[in-house]
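Each chain, letter by letter, is given below.
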Amino acid sequence: MSGPVSESGTALDTAVSDRAVVEPPEQRPWGWFELLAEGPGYRVKRLHLDPHQRLSRQRHQHRLEHWLVVLGQGSVELGDAPLSRTQPLEPGSSLIIPPLTIHRAAAGSEGLEIIEVQRGSLLREDDIERFADDYGRV
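Residues numbered from 1 in each chain as written. Predicted model: local features only at pLDDT ≥ 70, side-chain atom pairs only at ≥ 80, totals over all residues. Heavy atoms only, no water.

**Q** Describe the pattern of salt bridges, naming the residues involved and giving the relevant values.
**A** In total, this model carries 15 salt bridges according to the counting rule given. Taking the shortest distance from any N to any O, the salt bridge between Glu125 and Lys45 comes out at 2.9 Å. One end of the pair, Glu125, is in the loop between β8 (103-120) and β9 (129-132); the other, Lys45, is in strand β3 (residues 42-49), with 80 residues separating them in the sequence. Under the relative-accessibility criterion, Glu125 is labelled partly exposed at 33%. Given the relative accessible area of 4%, Lys45 is considered buried. (Salt bridge = Lys/Arg side-chain N within 4 Å of Asp/Glu carboxyl O. Helix = DSSP H or I, 4+ residues; strand = E, 2+ residues; numbered from the N terminus. Buried < 20%, exposed > 50% of the residue type's maximum accessible area, 1.4 Å probe, protein only.)

Here it is, written out as structure tokens:
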């Protein structure tokens, strides 16, 4: 099966055909996420944290995450205690979370929405090591 062809008649990169993904949002105790796109070596998700909710304090073995905040306000805790630091999140905030970096996002009173681009060789929901969780999932 051949890939898409441009107007000039040349085959386009096969990633063009596997960009868009339409799936219903997956509910989580902190809010929800939806998969927007995926292809070889990347996944794009939209995370929605309800007001005053937090993700697990977690890290990933196999993926880097690039976050772009699009709505709401909150904060992110990065690193392991006692050297961890907290930074504010607001629309336009962008950060890179390398593999093995402990992190935790928290929503403010309006909630928080993040576009998350994952990159790596293994991009699965079970690539998560939890250190603390408000919902008993450690």
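**Q** Which residues make up the environment of Glu90, and what values go with them?
**A** Residue placement: Glu90 occurs in the loop between β6 (85-89) and β7 (94-97). Owing to a relative accessible area of 43%, Glu90 belongs among the partly exposed residues under this scheme. Residues Glu90 and Ile114, 24 residues apart in the sequence, show an inter-C-alpha distance of 9.6 Å.

**Q** Please provide a residue-by-residue account of the confidence of the model for the protein, values included.
**A** Per-residue pLDDT for the protein averages 89, and the proportion of residues at 70 or more is 86%. Segment residues 1-6: pLDDT under 50, and eight contacts once partners within four positions in sequence are set aside and those in other chains are kept. Note that residues 8-17 has pLDDT below 50 and, in this model, nine contacts with residues that lie over four places away or in other chains. (pLDDT = per-residue confidence, 0-100. Contact = heavy atoms within 4.5 Å.)

**Q** Give a description of the side chain of Gln58 that names residues and reports values.
**A** Mapped onto the elements of the fold, Gln58 is located in strand β4 (residues 57-59). Beyond its immediate sequence surroundings of up to four residues, Gln58 is in contact with Thr101, Ile102, His103, Ile128, Glu129, Arg130 and Phe131.

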